[in-house]
Amino acid sequence: MEGLRRRKLSFLPVFAQAVAAVAPAGAMTVIPALVFPSLVFGSTGPNLVLTFGLAMAIMVLVSLTLRPMAKRMAAVSGLYSYTAKGLGPRTAITVGWSAIFGYALVAMASLLVVGTYVAQLFINLGVPLADPRVVMVPVVLLAAGAACLLMVRGIQISAWFTLLIESISIAVITVLMIVYFAFNAPKVSFTSVFTWSGNFDSLWIGIVVAVSAFVGFESPTTLGGEAYKPFVSVPRAIMWTPIVTGVLYLLSASAQDVALTGAPLSIAASSTPLSDLFAHTSPVFASVLDLGIAASWFACSIASVNALVRIFFCMGREGVAPRVVGRTHPVFRTPSMAILFVMPVVTIVPVVVIISGASPAQGLVTLFLLGSFGYLGAYIIASASMPFFLRRIGEATFGSWVLGAATTLALGAVLWEATAESIRAGSMQIFAYAALLLASVIYALILRLRLPGRLSSVGIYDETRESDLYQGKTLP
Amino acid sequence: MTYRPVNAGSNTVSNPLRILEVVARFGTGTTAKEITDTLQMAPATAYRMLNALVGDEYLVRTSDLRGFALGHAISGLITAATPPTVPTAARAVIEEFRRGNRFTVHLFMFRNASLRIADEDPYYPLRSAYEMLRYPHASAAGKLMLAELDDLSASLPGGQLAKLTAHTITNRAKLEEQLEEIRFNGEASEVNEMEQGSSSLALPVRMPNGSVGAALCLSGPSERFAAIYEHADAARELTVQLAPLLF
């Protein structure tokens, strides 16, 4: 893959890319609260710990399924490249679009959270805001601009930056939670953590929202060309990220379950529940928390777009997307054209949501849920393609067929139930995703009929080069 | 070489080496199936090892991902393990030079950041061959090699530099300083640093790309170092003669 800086990224930035795309600090504070009051459909929330535990189990299964492919192919466009090798280019187009959709929506949601929490920060600091939108829109634009700059400058810098932000945010949030519980210990009851409300319908949709706290862990699979020793670092990063973040979520979900159960309804239903909760104890705590959350989601928007543009860039190189997005920056060697194409779209949506005056919380649930559908769709097809990928290179085993089938079925069940539940509840969001899938199938069909040559070039990846081979020369 | 069936579980450390050997023998494009068939190894075990070897770049996959080839990481092992071969013509010119003076003349080659004895003086064999190879900071040929390296850590383990005599350089800063001089002068010398009473002068044999690939080393008693140095010009001429014969 010409144009990108090859095999230079050490393990830590690769891991940072995964962690940042997942945005555990932001997710652990925002997403459990979204699941909790079941904002989605207003029904009684399922058990938070169970929901997150199941979501974690499914994500670990997905990472186990992606790992054999990550060990064998230095992909530049992640699941898209894997599927092209396993199930062929037409299916890959659907996976690519689905993944791009997922990354884009999560990036949009991230920018929206950044805006929401920075506005909240001003409120907690006692700055009078007639209309929080006056702060939110410029903040979103500013964040998008800064993200653009960091991404064009290079993944090395943006990865280090995001890792730093995440570490600080996680530390701050953990300390704040411990302090909060230390202050409020006598009032706390842990019974709800282990109580099961017996609501299976909302459990499924809860899992899909909880899954959105994990998505992005696969994003290092887009760094196969840039990572140093990609066949070690990429599988390691995608294996450990869901485990590490899952443990963080379980801790934070139990904590929030306790905290929010006892909280007044106005807080549980707020867009920034945890921050409101802290504001009761100390506005300074709440402000620090706001800053940590905003920073973490800022990192998430960077990481999501970083992964997105690498898929888009690959498609540009293959000719199944405009060729111009396949151009890289001559100096920084990043897919700069793809970044410049994608960022305006990713920025405009949260701005519109804010200006339209819709509830940020509702906007977030919609974006996260839709984004999750995008990720889940990509995960399902990529998982299903794993055994075919291995068979094609002559390395399939019985275990790989079992694993591929199990993961595909588990993901399929979640997606199916969530779809059914969301349609029952009268939500039409799923149709937006279904339309995308249909469009991708039609697009692939048109390509096949009109430009079969371009379709056959789908699935480029970082191939072995002359310099990777043993040359038979002696080392001085 | 014969391949006996391997019980995969019995010696897991050797199996990756057997895999490397099969790939080296069959050449670029060796498939996983060929490897499991040849070694009679369980496929799942073989795939796991192959992926580990690919991960560390001892092997690489060919473009269709089915085949394997030896990766660049293996060159360190092969280079370090293969003894240097010196063509007869090169041996002959060194032999002629030996007859022209009364000092010891050895040829060392640099291999993967370590010294290898390429042509030992038959009349005065090396007395401290082990020390020569292990402590490059104490010998003239070793210092000539160190001066070529970007990173000394491969040749000089961290910590204290070994003190072989009272004159051995054990201060890293001082060594770096001397290496800078060696790079500038294109020659390295050592007086009583390896062994009390013995000294040597090393001159570079350059490869076509200009980097130093071997050292021609003259040694003798320390009190006669000035006399050794008188042969420097003749020795330098010899290195120019040797270069095309060796590289």
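Within an unreviewed UniProt entry, the label attached to chain B reads IclR family transcriptional regulator, and the organism entered is Arthrobacter terricola.

K.L.:
Can you help me understand the overall build of chain A in this one?
P.N.:
Scanning chain A from terminus to terminus reveals 17 helices and 0 strands. Look at the contacts in chain A between residues 6 or more apart in sequence, and 84% of them connect residues 24 or more apart. Total accessible area on chain A is roughly 17300 Å²; 71% of this is exposed by carbon and sulfur atoms.

K.L.:
Honestly, the interface of chain A and chain B in this entry has me stumped. Any pointers?
P.N.:
Interface size is commonly expressed as the accessible area that is lost once the parts come together. Contacts between chain A and chain B engage 27 residues on the former and 30 residues on the latter. The residue R61 of chain B makes a salt bridge to E395 of chain A at a minimum N-O spacing of 2.9 Å. Considering each element in turn, the side of chain A that touches chain B owes the most residues, 3 residues, to helix 9 (residues 230–261) of chain A. Grouping the constituent residues of the side of chain A that touches chain B by class yields 12 nonpolar, 5 polar and 10 charged.

K.L.:
Would you mind showing me how to read the sheet that holds strand 1 (residues 30–31) of chain B here?
P.N.:
Sheet strands pair by backbone hydrogen bonding; their relative direction is either parallel or antiparallel. All names here are of chain B. Spatially, 3 strands are ordered 1-3-2 in an open sheet, and the strand pairing comes out antiparallel. Where the open sheet ends on each side, the last strands, each with one partner, are strand 1 and strand 2 (59–61). Looking at chain direction, strand 2 and strand 3 (residues 67–70) are connected through 3 bridges and run antiparallel. By the bridge assignment, V60 is partnered in strand 3 with A69. Relative to strand 2, helix 3 (residues 43–55) is tilted by about 100°, and along the sheet it contacts strand 2 and strand 3.

K.L.:
Teacher, can you tell me more about empty space enclosed by the protein here?
P.N.:
One simple way to see leftover space: roll a probe sized like a water molecule over the atoms. Taken as a whole and assessed by the stated rule, the structure comprises 4 cavities of 30 Å³ or more. Taken as a whole, the largest cavity encloses approximately 120 Å³ of empty space. What lines the largest cavity is a set of 18 residues, among which R7, F231 and T464 of chain A together with V60 and R61 of chain B lie closest to the centre. Counting residues per element, the lining of the largest cavity draws most heavily on strand 2 of chain B, which supplies 3 residues. Per-class residue counts for the lining of the largest cavity are 8 nonpolar, 3 polar and 7 charged.

K.L.:
Would you mind going over a nonpolar patch on the surface with me for this structure?
P.N.:
Residue and element names in this part refer to chain A. Residues F122, L125 and V127 make up a contiguous nonpolar surface patch of about 250 Å² in total accessible area. Following the sequence through the fold, V127 ends up in the loop between helix 5 (89–124) and helix 6 (133–153). V127 sits in the partly exposed class, given a relative accessible area of 35%.

K.L.:
Honestly, the packing of helix 3 (residues 48–70) of chain A against helix 15 (residues 398–424) of chain A in this entry has me stumped. Any pointers?
P.N.:
When two helices pack together, their arrangement is given by the angle between the helix axes and by the axis-to-axis distance. All names here are of chain A. Their axes nearest at 9 Å, the elements helix 3 and helix 15 cross at an angle of 140°. Here helix 3 runs over helix 15; the crossing is left-handed. Each of I58, M59, L61, V62, L64 and T65 in helix 3 lies in contact with helix 15, whose residues at this interface are L403, G404, A406, T407, A410, L411 and V414.

K.L.:
Teacher, can you tell me more about the UniProt feature "domain: IclR-ED" (unreviewed entry) in chain B here?
P.N.:
On the UniProt side, "domain: IclR-ED" (unreviewed entry) is annotated at positions that read residues 66–247 of chain B here. Spanning residues 66–247 of chain B, this segment combines 37% helix with 23% strand, and its end C-alpha atoms are found 36 Å apart.

K.L.:
Just checking my understanding: could you explain the pattern of salt bridges for this structure?
P.N.:
Two side chains with opposite charge may pair up if their charged atoms get near one another. Tallied over the entire structure, the rule returns 19 salt bridges over all chains. Residue R6 of chain A is joined to D462 of chain A by a salt bridge in which the shortest nitrogen-to-oxygen separation is 2.9 Å. Of this pair, R6 of chain A sits in the segment before helix 1 (11–22) while D462 of chain A sits in the segment after helix 17 (452–456), and the two are 456 residues apart along the sequence. With relative accessibility at 14%, the residue R6 of chain A sits in the buried group. Its relative accessible area of 3% is what places D462 of chain A among the buried residues. A salt bridge links R98 of chain B to D119 of chain B; the shortest N-O distance between them is 3.1 Å. With R98 of chain B in helix 5 (residues 88–99) and D119 of chain B in strand 5 (residues 114–119), this residue pair connects regions lying 21 residues apart in the sequence. Looking at R98 of chain B, the relative accessible area reads 4%, which means it is buried.

K.L.:
Can you help me understand the side chain of R72 of chain A in this one?
P.N.:
The residue R72 of chain A is located in the loop between helix 3 and helix 4 (79–86) in this model. A residue is classified by how much of its surface remains accessible, and R72 of chain A, at 5% relative accessible area, is buried. Reaching out from R72 of chain A, the side chain makes a polar contact with the side chain of E395 of chain A at a distance of 2.8 Å. The contact partners of R72 of chain A, leaving out residues within four places of it in the chain, are F231, F389, L390, I393 and E395 of chain A together with Y47, N51, R61 and L65 of chain B.

K.L.:
I'm lost on the nonpolar core in this one. Help?
P.N.:
Ranked by size, the top nonpolar core spans 154 residues in total, and within it F52, M59, W297 and Y379 of chain A carry the most contacts. The element best represented in this core is helix 5 of chain A, accounting for 20 residues. In this view, W297 of chain A contacts A23, G26, A27, V30, I31, S110, V113, V114 and F368 of chain A; residues no more than four positions away in its chain are not counted. Judged by nonpolar contacts, the second largest core, of 27 residues, contains L115, L152, I182 and A188 of chain B.

K.L.:
I keep staring at the sheet that holds strand 8 (residues 212–221) of chain B and nothing clicks. Help me out?
P.N.:
All names here are of chain B. Across the sheet, 5 strands lie side by side as 5-4-8-7-6; this open sheet has antiparallel pairing. The open sheet terminates on both sides in strands that have one partner only, identified here as strand 5 and strand 6 (188–191). Geometrically, the sheet is characterised by an average inter-axis angle of 25° between neighbouring strands, direction not taken into account. Two strands pair when backbone bridges link them, and strand 4 (residues 104–111) and strand 5 are joined in this way by 5 bridges, in the antiparallel orientation. In the strand pairing of strand 5, F110 is matched with L115. Of the strands in this sheet, strand 4, strand 5 and strand 8 touch helix 5, which is tilted by about 145° from strand 4. The strands touched by helix 10 (residues 232–246) within the sheet are strand 4, strand 7 (198–206) and strand 8, with strand 7 carrying the most contacts at an inclination of about 40°.

K.L.:
Looking at this structure, I do not really get the pairing of strand 4 of chain B. What am I missing?
P.N.:
When a strand is regular, its side chains alternate between the sheet's two faces. Residues and elements named next belong to chain B. In terms of burial, strand 4 is a largely internal element, 8 of the 8 residues being buried. When strand 4 meets strand 8, the two strands line up antiparallel, connected through 6 bridges. Opposite H106, over in strand 8, you have C217 as the bridge partner. The hairpin formed by strand 4 and strand 5 contains 2 residues between the paired strands, and N112 there has a positive phi angle of roughly 45°.

K.L.:
What should I look at first to understand the side chain of T239 of chain B in this one?
P.N.:
Residues and elements named next belong to chain B. Among the structural elements, T239 can be located in helix 10. The class for T239 is buried, based on a relative accessible area of 5%. Looking at T239, its side chain comes within polar contact range of the main-chain oxygen of R236, at 2.5 Å. T239 has contacts with L203, P204, V205 and L216, leaving out every residue within four places of it along the chain.

K.L.:
Would you mind going over the environment of F431 of chain A with me for this structure?
P.N.:
For F431 of chain A, the location among the structural elements is in helix 16 (residues 429–450). The partly exposed category is assigned to F431 of chain A, whose relative accessible area is 43%.

Quick notes on the rules
- Residues numbered from 1 in each chain as written.
- Chains lettered and ligands numbered in written order.
- Predicted model: local features only at pLDDT ≥ 70, side-chain atom pairs only at ≥ 80, totals over all residues.
- Heavy atoms only, no water.
- Helix = DSSP H or I, 4+ residues; strand = E, 2+ residues; numbered from the N terminus.
- Contact = heavy atoms within 4.5 Å.
- Areas by Shrake-Rupley, 256 points an atom, 1.4 Å probe, with all protein chains shown as cover.
- Salt bridge = Lys/Arg side-chain N within 4 Å of Asp/Glu carboxyl O.
- Nonpolar A, V, L, I, M, F, W, Y, C, P; charged D, E, K, R; others polar.
- Pairing = 2+ DSSP bridges.
- Axes fitted to C-alpha atoms, helices over the stretch in contact; angles between N-to-C directions.
- 1 Å grid on protein atoms, 1.4 Å probe; cavity = no way out; pocket = protein on both sides within 12 Å on 5 of 7 lines; lining within 4 Å.
- Points joined across faces, edges and corners; volume = space filled by probe spheres on them.
- Patch = residues over 30% accessible without salt bridge, like charges linked within 9 Å, V, L, I, M, F, W, Y side chains within 5 Å.
- Buried < 20%, exposed > 50% of the residue type's maximum accessible area, 1.4 Å probe, protein only.
- Left-handed = near helix turned anticlockwise from the far one by under 90°.
- UniProt positions renumbered as here; feature names shortened; annotations may be inferred.
- Polar contact = N/O pair within 3.5 Å; in protein donor to acceptor, adjacent residues only side chain to side chain.
- Core = buried A, V, L, I, M, F, W, Y, C linked by side-chain atoms within 4.5 Å.

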